[in-house]
Amino acid sequence: MIIPAFNEQHYLETVLASVKRIVIPGVDLEIIVVDDGSTDRTYQIAERLLDTNTDFLIKHHRNLGKGRALKSASAVVSGDFVIIQDADLEYSPEEIPRVVRPLIENFADVVYGSRFSGSEAKRVLYFWHATGNRVLTLISNVFSNLNLTDMETGYKAFTADVFKSLNLNERGFGVEPEITAKISKMGLRIFEVSVSYRGRTYEEGKKIGWKDGFWALWCILRYSVAKCNTA
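Residues numbered from 1 in each chain as written. Predicted model: local features only at pLDDT ≥ 70, side-chain atom pairs only at ≥ 80, totals over all residues. Heavy atoms only, no water.

Quick look at the pattern of salt bridges
Inference 1: For the structure on display, the rule yields 12 salt bridges.
Inference 2: The partner of Lys66 in a salt bridge is Glu176, with the nearest N and O atoms 2.8 Å apart. Here the residue Lys66 occupies a position in helix α3 (residues 66-74), and Glu176 occupies one in helix α7 (residues 175-183), the gap between them amounting to 110 residues. The exposure classification of Lys66 matches that of Glu176, with both residues buried.
Inference 3: Here Arg98 ties to Glu95 by a salt bridge, and the two come within 3.0 Å at their closest N and O atoms.
Inference 4: Residues joined in a network through salt bridges with shared partners are Lys66, Asp86, Lys156 and Glu176. (Salt bridge = Lys/Arg side-chain N within 4 Å of Asp/Glu carboxyl O. Helix = DSSP H or I, 4+ residues; strand = E, 2+ residues; numbered from the N terminus. Buried < 20%, exposed > 50% of the residue type's maximum accessible area, 1.4 Å probe, protein only.)

Observations concerning α7
Inference 1: Within α7, nine of the nine residues are buried, which leaves it mostly tucked inside the rest of the structure.
Inference 2: Of the positions making up α7, those classed as buried are Val175, Glu176, Pro177, Glu178, Ile179, Thr180, Ala181, Lys182 and Ile183.

Some remarks on the side chain of Asp55
Inference 1: Along the chain, Asp55 falls in the loop between α2 (42-49) and β3 (56-60).
Inference 2: Classification of Asp55 by relative accessible area gives buried; the value is 9%.
Inference 3: Among the polar contacts made by the side chain of Asp55, one reaches the side chain of Thr54 at a distance of 3.3 Å.
Inference 4: The contact partners of Asp55, leaving out residues within four places of it in the chain, are Lys20, Leu29, Glu30, Ile31 and Leu50. (Polar contact = N/O pair within 3.5 Å; in protein donor to acceptor, adjacent residues only side chain to side chain. Contact = heavy atoms within 4.5 Å.)

With respect to unusual backbone geometry
Inference 1: Not every positive phi belongs to a glycine, and Leu89 is a case in point at roughly 70°.
Inference 2: You can see Leu89 is positioned in the loop between β4 (81-83) and α4 (96-104).
Inference 3: Despite not being glycine, Asn145 shows a phi value in the positive range, around 60°.
Inference 4: Considering the arrangement of structural elements, one finds Asn145 in the loop between α5 (127-144) and β6 (156-159).
Inference 5: For Asn145, a relative accessible area of 73% gives the class exposed.

Shown next as structure tokens:
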């Protein structure tokens, strides 16, 4: 499990405690926290709570973005599956077993946790933020010929071989459309699982904004027309 974290001292301890309570039969959980240049106590919290025998803590000395955090984590992944868990509790760690189940049962290579399908609880927040996500997903689907409902989801799970082959280029949140464009060209078995969503307000620490939406659009176009650049 990869947990990118930037200034998440208020949430990281709760996230790690929730993750450590997860039991998936036959699966040993390895946690990789990437402290992406935090200026608060994020690194110290992770250092205190992680198991030095099984887990990894990576530190960026400046904020490089979610994409670079995932790329750094890719170098130390050693298990069979990879799931990305944001450090802010917008996605509940309790749903990890549901998201990875298609991988464990070997009928999927990639699983997206969708905030926009199913009947799970969703916090009511920003209309234009949700609309932007749906529009970006639609445009991504046009180019990728997938029928995803939530391309921008922070809950993405992969077989380790697929994840390590992605050869990620994007530094920030553009990594989401980059991943989608690349997996759409790899002939993979892609599934979606409905997940709950407890979105944060900007006052509570939400980091993604309208500029990220425009960059995501550029990334959809860029990686859709490019050749599949995987390792």
